[in-house]
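Each chain is listed here by its residues.
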Amino acid sequence: MPPLRKPALFKLFEDALRKSGLSFLRLSGAGEHPASYQIITGMGSYRLRVYIWNLTFGGRVTLPDEWRVQVTGLPEVGGRQRFVPEVGGKTVILGWCEDLEVFAAYDVNKHLGPLGGSPSIQIRQPALEAARINGLAPHFKGEEEVAFALKPAYLGSYLDNMADLHACGSSEEALAILEEICEDPESVDDEDIEDQVPEPRRYAVVSAKKALRDANFKDRVLTAYSHACAMCGVQLRLLDAAHILPAAHPDSTDETRNGIALCALHHRAYDRGLLTFDTGYRIHRNAVMERELVAAGLDGGLVDFQARLFPMIQVPPTRADRPASALIEQVNSMRGWEL
Ligand SMILES: [Zn+2]
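Computed from a prediction, not measured in an experiment: that's the story for all the values here.

1. Overview of the overall build of the protein chain
Broken down by element type, the protein chain carries 11 helices and 15 strands. When each of the 339 residues of the protein chain is scored for burial, the buried share is 37%. Put simply, 60% of the contacts in the protein chain that link residues at least 6 apart link residues at least 24 apart.

Okay, structure coming up:
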């Protein structure tokens, strides 16, 4: 496959940001490399410098499953290229594998200083294939460096946690447990982490686990609901994977049947108790709350709001993915619904 040009690579990068739920502003001009972004998260924002190349296959007879980015076009000091990290922000080095539709992501801190002649950075195919299935997969490169392969929908989680993720490379125990977490975030509990990971890396592993669980939950729920709001059908990448029993509740789980895809409007309305659904999946509006809004003169848009709702939530075709009755009953009772 012919390599993609920089504008196509940055389009893939920006699509991945949107897919993983991050908002951004592009600060650098078209065609500039590295590019500069302001990434906006729920917690604030940060500056991100992005280096990106194609991943190309093979090269070395001894390592037939190797992919690499060939580093070109960086500023040179004394005839040797250098990465320049973003001061006070984050820097990411990415390779895009068009064949497998995954990124490789490298730790810039392991590639500071003057690079060698014809520099390249590698990753192995099994990591790329594992990321295609699990979303994120580590590849230990030796000398405390760990690279990651990731699906576009996991880019946001990777960026938010990149320091913690790459820090796992300096501890064998942390890396071993991170591999398990990437395969199945539910398979490792916090006690395993406490028992097996030495103190300085424990927090990094716990953060990585949380990020992966969130990304994994969102990926499963949105896929199950065909990326459409269960209450109104809106897509437009305005969707959240909402927990039916809120994540803060001790009984809440990340199973798909405790999730529902909702647009931003209906997610907020559901969490606020303006509407809900019963075990027969019928949608109910909160008549008491609506009357209060009318009385307060805060009912603008109410007619449209009511009109755009389906009579029933649209549930996934796979029975096991549909909202569990016990969870629906539990949350409706907690929110005071009498249905
Ligand atoms: Zn909706």
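2. Remarks on the environment of K218
Counting through the fold element by element, K218 comes out in helix α7 (residues 199–224). Classification of K218 as buried rests on a count of 24 C-beta atoms within 10 Å. Separated by 64 residues in the primary sequence, K218 and Y154 place their C-alpha atoms 9.8 Å from one another.

3. Focus: helix α1 (residues 6–19)
End to end, α1 covers 20 Å across 14 residues, agreeing with the expected 20 Å (1.5 Å per residue, within 8%). Turning to α1, its buried residues are L9, F10, F13, A16 and L17. Projected onto a plane normal to the axis of α1, the buried residues spread over an arc of 115° and lie on a single side. What points out from α1, more than 90 degrees from its buried face, is the exposed set P7 and K11. On the buried face of α1, the contacting elements are β1 (23–26), β2 (35–41), β3 (44–57), β7 (90–97) and α3 (155–160). Where α1 ends, the next residue or the one after it, G21, has phi of about 85°, a positive value.

4. Quick notes on helix α8 (residues 264–272)
Here α8 has its buried residues at H266, A269 and Y270. All buried residues of α8 lie within an arc of 100° about the axis, which places them on one face of the element. The inward-facing, buried residues of α8 abut β12 (239–243), β13 (259–263) and β14 (275–277).

5. A few points about the domain arrangement of the protein chain
Accessible area lost on assembly of the parts is the figure often given for the size of an interface. We note that the domain assignment places domain 1 (6–220) and domain 2 (239–334) within the protein chain. Averaged C-alpha coordinates put domain 1 and domain 2 at centres separated by 35 Å. On the domain 2 side, the residues contacting the 5 residues of domain 1 number 4 residues. For the side of domain 1 that touches domain 2, the class distribution of residues is 1 nonpolar, no polar and 4 charged.

6. What to know about the pairing of strand β4 (residues 66–70)
Inspection of the sheet shows β3 paired to β4 by 3 bridges, in the antiparallel sense. Along β4, the bridge assignment pairs F57 with W67. The pairing of β4 with strand β9 (residues 120–124) spans 5 bridges and is classified as antiparallel. By the bridge assignment for β9, E66 is matched with R124.

7. Re the pairing of strand β11 (residues 145–150)
The buried fraction of β11 amounts to 5 of the 6 residues, a majority that puts the element mostly inside the structure. Sheet topology note: the strand β8 (residues 102–106)/β11 ladder contains 3 bridges and is antiparallel. Its bridge partner lying in β11, A105 is registered against F148.

8. Focus: the packing of helix α5 (residues 172–183) against α7
The interhelical angle for the contact between α5 and α7, taken along N-to-C directions, is 10°, at an axis separation of 10 Å. In terms of orientation, α5 lies roughly parallel with respect to α7. Here A174, I177, L178, I181 and C182 of α5 come into contact with α7, specifically with R201, A204, V205, A208, K209 and L212. Its residues placed into classes, the contact of α5 with α7 shows 9 nonpolar, no polar and 2 charged.

9. Section: the environment of G336
Here G336 is to be found in the segment after α11 (325–334). In sequence terms G336 and G273 are 63 residues apart; their C-alpha atoms lie 8.9 Å from each other.

10. Looking at the nonpolar core
Among the nonpolar cores identified, the biggest contains 63 residues, and L94, A104, A105, F148, A149, L150 and Y158 are the most heavily contacted of them. The residues touching Y158, leaving out its near neighbours within four places in the chain, are A105, L136, F148, L150 and L165. Among the nonpolar cores identified, the runner-up in size contains 24 residues, and A230, L245, A261 and F277 belong to it.

Cut-offs and rules
- Residues numbered from 1 in each chain as written.
- Predicted model: local features only at pLDDT ≥ 70, side-chain atom pairs only at ≥ 80, totals over all residues.
- Helix = DSSP H or I, 4+ residues; strand = E, 2+ residues; numbered from the N terminus.
- Buried ≥ 20, exposed ≤ 12 C-beta atoms within 10 Å, placed from the backbone.
- Contact = placed C-beta atoms within 7 Å.
- Expected span 1.5 Å × (residues − 1).
- Arc of directions from axis to C-beta.
- Domains from an automatic or database assignment.
- Nonpolar A, V, L, I, M, F, W, Y, C, P; charged D, E, K, R; others polar.
- Pairing = 2+ DSSP bridges.
- Axes fitted to C-alpha atoms, helices over the stretch in contact; angles between N-to-C directions.
- Parallel < 35°, antiparallel > 145°, perpendicular 65-115°, else oblique.
- Core = buried A, V, L, I, M, F, W, Y, C linked by C-beta atoms within 7 Å.

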